[in-house]
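Okay, here's what each chain looks like letter by letter:
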Amino acid sequence: MNAKLVYGANTYARVGLETGVVAATPHKLILMLFEGARLALSCALIHMKENRPAARGEALSRAIAIISSGLQASLDIERGGELAQQLNTLYAYMSHRLLQANLQNEARHVEEVARLLRELSEAWAGIGTVAQAAGGETGTPAMPQGSASFSGGM
């Protein structure tokens, strides 16, 4: 494919993503983080199968960054109580498993983290659905007492 065409397609995709982020609600931003991490893990699994260690490492590093600097960093441990603390521990575990996966070239570790992220993503999406059904604001999810709380922009 022509280099100009690839550059143009990548620029178009980046602008679309940036527009989506700017227009997204805090709830949607978290869903986008889940999706980004899951996509990076899918890429890592492909790179593992194709025996491309550098690309595998980059994909796993992206997933770790999304989990630790996005999902984990957005937790408000004080307001979120026990659930936020448990999520914090789970995100740290996921990051550790992905480091192990990269060092040991273990697809099962990646698959485990992908499964955990899928379950959390589905639960988070359900929170937004419940909030909308209850007539709550569509911009922020309903957060029951004692559940995880997310700070500021997330």
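Refer to the structure above for everything that follows.
Okay, so let's go over this structure. Only a predicted model underlies this, so the values are computations on that prediction, with no experimental measurement involved.

Right, let's talk about the overall build of the protein for a bit. Along the protein, the regular secondary structure elements total five helices and zero strands. Reading the helices (α) and strands (β) of the protein from amino to carboxyl end gives α-α-α-α-α. Long-range contacts, defined here as pairs at least 24 residues apart, represent 65% of the contacts in the protein between residues at least 6 apart. Taken as a whole, the protein presents about 9200 Å² of accessible surface, with 58% of it coming from carbon and sulfur.

The next point concerns the pattern of salt bridges. By the definition in use, this model includes six salt bridges. Between arginine 97 and glutamate 112 there is a salt bridge whose closest N-O contact spans 2.9 Å. Of this pair, arginine 97 sits in helix α4 (residues 77–104) while glutamate 112 is found in helix α5 (residues 107–133), placing the two residues 15 residues apart along the sequence. What makes arginine 97 buried here is its relative accessible area of 17%. Using a relative accessible area of 18% as the deciding quantity, one classes glutamate 112 as buried.

Turning our eyes to something else, we now look at the side chain of arginine 56. With respect to the element layout, arginine 56 can be found in helix α3 (residues 53–72). For the buried arginine 56, which has no salt bridge, the nearest side chain bearing the opposite charge is glutamate 106, at an N-O separation of 10 Å.

With that out of the way, let us pick up unusual backbone geometry. Phi angles above zero are rare outside glycine, and asparagine 51 is one such case at about 55°. Relative to the helices and strands, asparagine 51 resides in the loop between α2 (26–49) and α3. For asparagine 51, a relative accessible area of 60% translates into the label exposed. Phi is positive for asparagine 105, which is not a glycine, with a value near 50°.

Now for the nonpolar core. Of all hydrophobic cores here, the largest spans 29 residues; its most connected members are Ile67, Tyr91, Leu98 and Leu117. Of all elements in the fold, only α2, α3, α4 and α5 reach the threshold of two or more residues within this core. For this core, the element with the highest residue contribution is α2, accounting for ten residues. Discounting residues that sit within four places of it in the chain, isoleucine 67 has contacts with Ala37, Gln72, Tyr91, Met94, Ser95, Leu98, Val113 and Leu117.

Below, the discussion takes up the packing of α3 against α4. One way to put it is that α3 packs onto α4 with a least axis distance of 10 Å and a crossing angle of 170°. Judged on the interaxial angle alone, α4 and α3 are roughly antiparallel. Counted together, Arg56, Gly57, Leu60, Ala63, Ile64, Ile67, Ser68, Leu71 and Gln72 of α3 and Asn88, Tyr91, Ala92, Met94, Ser95, Leu98, Leu99, Ala101 and Asn102 of α4 form the full contact between these two elements. Across the contact of α3 with α4, the residue classes break down as eleven nonpolar, six polar and one charged.

Definitions and limits used
- Residues numbered from 1 in each chain as written.
- Predicted model: local features only at pLDDT ≥ 70, side-chain atom pairs only at ≥ 80, totals over all residues.
- Heavy atoms only, no water.
- Helix = DSSP H or I, 4+ residues; strand = E, 2+ residues; numbered from the N terminus.
- Contact = heavy atoms within 4.5 Å.
- Areas by Shrake-Rupley, 256 points an atom, 1.4 Å probe, with all protein chains shown as cover.
- Salt bridge = Lys/Arg side-chain N within 4 Å of Asp/Glu carboxyl O.
- Buried < 20%, exposed > 50% of the residue type's maximum accessible area, 1.4 Å probe, protein only.
- Lys, Arg positive; Asp, Glu negative; His and termini not counted.
- Core = buried A, V, L, I, M, F, W, Y, C linked by side-chain atoms within 4.5 Å.
- Axes fitted to C-alpha atoms, helices over the stretch in contact; angles between N-to-C directions.
- Parallel < 35°, antiparallel > 145°, perpendicular 65-115°, else oblique.
- Nonpolar A, V, L, I, M, F, W, Y, C, P; charged D, E, K, R; others polar.

Just geometry here; none of it tells us what the structure is for.
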